[in-house]
Amino acid sequence: MVGTDVPILEVRNVSKSFPGVRALDDVSMDVLPGEVHALLGENGAGKSTLMKIISGIIPKDSGDILLDGKPVHFSSPRDALNAGVVLVQQELSLVPYLSVAENIFLGRWPRRNIQVDWNSVFYETQELLERFGIGESPKTPVGSLSVAEQQMVEILKAVSRPNLRILLLDEPTSALSEEEVNRLFELVSEIKKTGIGIIFISHKLGEALRIADRVTVLRDGRKVVTEEAQKLDERALFYYLTGKAVESLEMVYETDVAEKAIMLSLENFGVGDFVKDVNLKVRRGEVFVLFGLVGSGRTTLARGLFGFERVQGRIFLDGRPIQPKSPKEAIALGIGYLPEDRRNALVYELPVFANITLAILSLVSRRGILRIREEMTLSEDFVRSLRIKTPNVLRAVLYLSGGNQQKVLLARWLARRPRFLIMDEPTRGIDVGTKFEIREMVRQLAHQGLTILYITSEPIEALEVADRIAVMRNGRVVRLFESAKNVDKTLLLAVASGVS
Amino acid sequence: MPLFQKEGSVSWAFVNLLLRGGSLVGLIALSAAFAILSPYFFTLSNWLNIFRQVAVVLIVASAQTMVIIAAGIDLSVGPLLALGGCLAAVAMSYWGWPFLSGALLGVFFATMAGFANGVIIAKGKIPDFIATLGMLGAVRGIALLITGGLPVPSHFTATKLAGYLPESIIWLGSGHIGGVPVPMMFALFVVILTWFILNRTTFGRSLFAVGGNREAARAAGINVDRVKILVYGVSGLYCGLAGLVLVGRMNSANALMAEGIELQTIAAVVIGGTNLFGGKGSVFGTLIGAILMGVLANGLNLLNVEPFWQRVVNGLLIVAVVVFDQWRRRIMRD
């Protein structure tokens, strides 16, 4: 339980700016020995920035960080590690072919003369596993473990450091099932007992309240509150997170949409083991928003529709059953896809025009020979109509800004004239001006009759572009809003994060 | 980098020239050096000689350029070339086939071996260099089996001899048109054809896309496997053609010919500025690269440098060029 001792870690009035953004504004918090301190905030609230500063990945602009009451200055992650501050990130850093024991002691294997002292590596790992009640053998290759188990190995790797003082867990539950979360929490509780301070970052309110002793909420780079978890409930937390009270959480039931033309219909649709039992009907010419937090299964669903993944259930496009087994087949059926990560769709070394025509090579060529002039005029038209900022279409997309790269991708699909366009987080990582432009374009395209499945985790964006909104959580569509009008940001977030 | 900060200074101008000009500057510098060291170097006949020497490497290097742009690598080019050349020579001199059908036979089987590379890589999902390395051994063996390890045509097998190699193939390898070597013209034609494929066809565009970003190519509906298989097929085809030229130049075929050509072609491609990891490159760069290597060999010959030393120099050149290229990229980024 929370002791009365000196805090292990104290963050005092830390600020950090990036060009054009005040990421952290005068934030203070502290962590006591044996305490789990949850750090909550929406996307962009500053959680990650604060974590990166504490763990020495990026420097702070101003303010102090104190470890055991003494000011410290970390200029690299190594400094932080040496001081006993360990960050466990969402992306795991384990070597799949090495065993649990080898991974835990990676890079600091004990030596006997010139050999690695494997006996003590395995022995100490065994002890560690037993101490925290994990029934795996130290010799199991990490690659054969589940994601949850790998996560625990990653945490044990941090715990095994003899000098560990502060453990930072960055959204450790985002990829875990409920049962796995329980096991992880047992592990965290065990670690607490050793007197280590833990900062637990999450956007899942219920989980944070369960595991944390105290909670700090950030909003727009500022600290809103630090409070003992016992004194909080999810509604209160929600208010702190969004600045709005949770009002109505009644279910809005799906009305019969059969009388309108349906462009895409999913029946008991599933992708992989995660996305299951999805039933949706998307009408022709509407912007259908699929809202969900990171890890809710939205992208998996989109990839399934586009033929990247194995799917279950039935898909109907324009009334006809389809089964795209590859992106090529999906494209031929009239589906377009702007992926979540532009890097998976752009060929950076190729010029703007070649990126625009990449999905219509057969249309701008005759017997395999390209008609470059046609490619150019077509691309120039798109550069004008989408206001892509580039000196000319011969410029490699590498040199364009993120927003303009996104527009190039949009142009690629518009050139193809799809019937159904999937846009996965199309405004992520681009400047505000272009963000609005792209949303505007989305509305216009729908008005011209294009059917759009728009995936986002930003509630305001969802409300702005949507005709209708479906909310996903844990691989399922949990609610459908028949109109964006009666919905507000708070309600959307509440449904997506499972508060009700 | 304090050395380069003074823009406008002489050293800056020189560095800048090196950075942007790359291999062409190297070629000119090297030629100038040899011209000073040997009075014979800068004569027309010597240059024609260089081109004759370079022709075979240039044809194969054109194929290698396409393969490398698609983020692959073909180590089996030498044996494929030998297979094509030996089959053609056997058909012409032992079976009495006319030039055209013999040539077709050789080129056909070299192409098929190339397709086999592609299928193994794409469908077997194994790294390009492993598949072609295996092929390098296997096809060399097949060529040895076909020729019995002897030169073709050979007096040891004179009883079977239906005739010597036809004039046409010798013309292809050593002929002239108005003083210009035929193999040189043929190789330049192949370079231009390759430029056309790379820059004016959907296949060429797909090569850049697959090599630049495989995932993106797939997401744009490009059949990545098919592109890979095709490019290795084309590589086999080029090897077959180069085999004919080499047989014509030597007036003989043997299973061990063109050994080490995979390294020479990769060197020419890399010297020419094509990204060894795919997605970016040009066959005209490869042309410069191949000529540069030819000039180097020729110049060292003229200066009576031991052939063993030439190998050392060639090897070091490749490493030096890649190091320089990496350095150049870092500087250009800053």
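Residues numbered from 1 in each chain as written. Chains lettered and ligands numbered in written order. Predicted model: local features only at pLDDT ≥ 70, side-chain atom pairs only at ≥ 80, totals over all residues.

**Looking at the packing of helix H4 (residues 77-93) of chain B against helix H12 (residues 261-271) of chain B**
Residue and element names in this part refer to chain B.
And then number 1: Across the interface, H4 lies against H12 with an axial gap of 7 Å and an inter-helix angle of 120 degrees. In terms of orientation, H4 lies oblique with respect to H12. When H4 is examined against H12, the residues Val 77, Gly 78 and Leu 81 are found in contact with a partner set consisting of Ile 261, Glu 262 and Thr 265.
And then number 2: Among the residues forming the contact of H4 with H12, the class breakdown is three nonpolar, two polar and one charged. (Axes fitted to C-alpha atoms, helices over the stretch in contact; angles between N-to-C directions. Helix = DSSP H or I, 4+ residues; strand = E, 2+ residues; numbered from the N terminus. Parallel < 35°, antiparallel > 145°, perpendicular 65-115°, else oblique. Contact = placed C-beta atoms within 7 Å. Nonpolar A, V, L, I, M, F, W, Y, C, P; charged D, E, K, R; others polar.)

**Observations concerning the sheet that holds strand S9 (residues 166-170) of chain A**
Residue and element names in this part refer to chain A.
And then number 1: Spatially, S6-S9-S10-S3-S11-S12 is the arrangement adopted by the six strands of the open sheet, whose pairing is mixed. Each of the sheet's edge strands pairs with one partner strand only, and the pair in question is strand S6 (85-88) and strand S12 (222-228). Going across the sheet, the axis of each strand differs from the next one's by a mean of 20 degrees, ignoring polarity.
And then number 2: In terms of strand pairing, strand S3 (residues 36-40) meets strand S10 (residues 197-202) through five bridges, oriented parallel. By the bridge assignment for S10, Val 36 is matched with Ile 198.
And then number 3: Contacts from helix H6 (residues 178-193) reach S3, S9 and S10, with the element oriented near 150 degrees to S10. (Pairing = 2+ DSSP bridges.)

**Structural notes on the confidence of the model for chain B**
Residues and elements named next belong to chain B.
And then number 1: Confidence along chain B averages 89 in pLDDT terms, with 90% of residues attaining 70 or more.
And then number 2: Predicted confidence is poor over residues 1-6, with pLDDT under 50, and the contacts of this stretch with residues over four places away or in other chains come to four contacts.
And then number 3: This prediction of the complex comes with two scores: 0.75 for pTM and 0.87 for ipTM. (pLDDT = per-residue confidence, 0-100.)

**Quick look at the environment of A:Gln406**
All names here are of chain A.
And then number 1: Examined against the element boundaries, Gln 406 turns out to sit in helix H13 (residues 402-416).
And then number 2: Sequence-wise, Gln 406 and Glu 180 are 226 residues apart; in three dimensions their C-alpha atoms are separated by 37 Å.
And then number 3: Among residues more than four places away in sequence, those in contact with Gln 406 are Arg 342, Pro 426, Ile 430 and Ile 438.

**Comments concerning helix H13 (residues 283-302) of chain B**
And then number 1: Compared with the 28 Å implied by 1.5 Å per residue over 20 residues, the 28 Å span of H13(B) between its first and last C-alpha is a close match.
And then number 2: At the C-terminal side of H13(B), B:Asn304 shows a positive phi close to 60 degrees. (Expected span 1.5 Å × (residues − 1).)

**Section: the packing of H4(B) against helix H5 (residues 99-124) of chain B**
All names here are of chain B.
And then number 1: Taken N-terminus to C-terminus, the directions of H4 and H5 make an angle of 155 degrees; their axes are 8 Å apart at the nearest point. As judged from the angle between their axes, H4 and H5 are roughly antiparallel. Regarding H4 and H5, the two cross each other, and that crossing is right-handed. Contact residues: Leu 80, Leu 83, Gly 84, Gly 85, Leu 87, Ala 88, Ala 91 and Met 92 in H4; Phe 99, Gly 102, Ala 103, Leu 105, Gly 106, Val 107, Phe 109, Ala 110, Ala 113 and Gly 114 in H5.
And then number 2: Split by residue class, the contact of H4 with H5 holds 13 nonpolar, five polar and no charged. (Left-handed = near helix turned anticlockwise from the far one by under 90°.)

**A word on the sheet that holds strand S4 (residues 62-67) of chain A**
Residues and elements named next belong to chain A.
And then number 1: Strand order in the open sheet formed by four strands is S2-S1-S4-S5, and the pairing between neighbours is antiparallel. Taken across any chain shown, the strands that pair with only one partner, and hence form the sheet edges, are strand S2 (21-31) and strand S5 (70-72). In this sheet, neighbouring strand axes are inclined to one another by 30 degrees on average, regardless of whether the strands run parallel or antiparallel.
And then number 2: Both strand S1 (residues 9-18) and S4 contribute to a ladder of five bridges, which runs antiparallel.

**Details of the pairing of S4(A)**
Both faces of the sheet carry side chains from a regular strand, because those side chains alternate between them.
Residues and elements named next belong to chain A.
And then number 1: Relative to S5, S4 runs antiparallel, the two sharing three bridges. Paired with Ile 65 across the two strands is Val 72, which belongs to S5.
And then number 2: Linking S4 to S5, which pair antiparallel, is a turn of two residues; within it Asp 68 sits at a positive phi near 50 degrees.

**Structural notes on the interface of chain A and chain B**
And then number 1: Counting residues at the interface gives 21 residues for chain A and 18 residues for chain B.
And then number 2: Counting residues per element, the ones that place at least two in the side of chain A that touches chain B are helix H10 (327-332) and strand S20 (369-370) of chain A.
And then number 3: It is H10(A) that provides the largest number of residues to the side of chain A that touches chain B, a total of three residues.
And then number 4: Counted by class, the side of chain A that touches chain B contains 15 nonpolar, four polar and two charged residues.

**Points about the environment of A:Ile191**
Residues and elements named next belong to chain A.
And then number 1: By the secondary structure assignment, Ile 191 is in helix H6.
And then number 2: Along the backbone, Ile 191 and Glu 91 are 100 residues apart, and their C-alpha atoms lie at a distance of 21 Å.
And then number 3: Residues contacting Ile 191, with those up to four places away along its chain left out, are Val 159, Leu 167, Ile 196 and Ile 198.

**Comments concerning unusual backbone geometry**
And then number 1: The residue after B:Val152, namely B:Pro153, is reached through a cis peptide bond having omega -10 degrees.
And then number 2: Within the secondary structure, B:Pro153 is located in the loop between helix H6 (128-147) and helix H7 (167-174).
And then number 3: Positive phi is not limited to glycine here, since A:Asp318 has a value of about 55 degrees.
And then number 4: Despite not being glycine, A:Arg387 shows a phi value in the positive range, around 50 degrees.
And then number 5: If you trace the backbone, A:Arg387 turns up in the loop between helix H12 (372-385) and H13.

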